[in-house]
Amino acid sequence: MFTPIRRAAAEAASFQRLFALIVIGVLVLTACVAPTSAPRTITLRTLNDSGVTGTVSFSDLGGKTGVDVEVSAAGNLDMPAHIHPGTCDNLTPQPKFPLENVKNGASKTVVPVPIDELFAGNLAVNIHHSNDDLKTYTACVDIR
């Protein structure tokens, strides 16, 4: 039979084990989404005298890729963005991966493919003028 002191000690030990398991679980989950290497950043090329300049950064998320677009939007406050097959000079119009719209100069998206697949070649990030004017490209960069 437990005395009140032994019961309190047993409960404290159980609480410590539970707390340790929670901490380990949080660390494991954090490791699953944390970048596994330094981001790769490439500079966008301005198109059609848009004035849009900036960068696209790719972060390895262990089987997925974080894609962060940061631009000087030159008055374009909501621009669709995609990863397209091809190159900036020879772009396939149908996107391979949609990105979050670049709003107020920024966009963050997780693409469901490894970073090495994106950098394997023949893909480009393309930014469009607006949802109403997808045919006018404001900036682009080949993923290399």
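Below is a summary of the structure that appears in this document. Predicted, not measured: the structure shown is a model, and the values here were computed from it.

### A closer look at the nonpolar core
In step 1: In this structure, V56, F58, V71, I83, L118 and I127 are the most contacted members of the largest nonpolar core, which totals 26 residues.
In step 2: Those elements that place two or more of their residues in this core are β3 (53–60), β4 (65–72), β5 (78–87), β7 (97–103), α2 (115–118), β9 (123–128) and β10 (137–142).
In step 3: For I127, the residues in contact, after removing those within four places along its chain, are L44, V69, V71, M79, P80, A81, V102, T136, Y137, T138 and A139.
In step 4: Counting five residues, the second-largest nonpolar core is a separate cluster that includes L47, C88, L91 and C140.

### Side note on the packing of aromatic side chains
In step 1: Counted by the stated rule, this structure contains one aromatic pair.
In step 2: Plain terms: the ring middles of F58 and F119 are 5.1 Å apart, the flat faces sit at 80° to each other, and that makes the pair edge-to-face. With F58 in strand β3 and F119 in the loop between α2 and β9, this pair connects stretches of sequence that are 61 residues apart. Of the two residues, F58 and F119, neither departs from the other in class, the shared state being buried.
In step 3: One Lys or Arg, R40, reaches over the ring of F119 and ends 4.5 Å from the middle of that ring.

### So, the side chain of T138
In step 1: When you line up the elements, T138 lands in strand β10.
In step 2: Under the relative-accessibility criterion, T138 is labelled buried at 0%.
In step 3: Discounting chain neighbours no more than four positions away, the residues touching T138 are R45, T46, L47, S50, V52, N76, M79, I127, H128 and H129.

### So, the pattern of salt bridges
In step 1: A full pass over the atoms with the stated rule returns four salt bridges.
In step 2: The partner of K108 in a salt bridge is D68, and the shortest N-O contact between them spans 3.5 Å. On the criterion of sequence distance, the pair formed by K108 in strand β8 (residues 106–111) and D68 in strand β4 is long-range, its members being 40 residues apart.
In step 3: What makes K108 exposed here is its relative accessible area of 62%.
In step 4: Between D142 and R144 there is a salt bridge; the shortest N-O distance is 3.5 Å.
In step 5: Among the residues examined, R144 registers a relative accessible area of 66% and is labelled exposed.

### Details of the environment of A73
In step 1: Residue position: A73 is located in the loop between β4 and β5.
In step 2: When its relative accessible area of 10% is taken as the criterion, A73 is described as buried.
In step 3: As a C-alpha pair, A73 and V102 span 29 residues in sequence and 8.5 Å in three-dimensional space.
In step 4: Not counting residues up to four positions away in its chain, the partners in contact with A73 are V52, M79 and G105.

Cut-off values and rules
- Residues numbered from 1 in each chain as written.
- Predicted model: local features only at pLDDT ≥ 70, side-chain atom pairs only at ≥ 80, totals over all residues.
- Heavy atoms only, no water.
- Core = buried A, V, L, I, M, F, W, Y, C linked by side-chain atoms within 4.5 Å.
- Buried < 20%, exposed > 50% of the residue type's maximum accessible area, 1.4 Å probe, protein only.
- Helix = DSSP H or I, 4+ residues; strand = E, 2+ residues; numbered from the N terminus.
- Contact = heavy atoms within 4.5 Å.
- Phe/Tyr/Trp six-rings, centres within 6.5 Å; stacked < 30°, edge-to-face > 60°.
- Lys NZ or Arg CZ within 6 Å of the ring centre and 35° of its normal.
- Salt bridge = Lys/Arg side-chain N within 4 Å of Asp/Glu carboxyl O.

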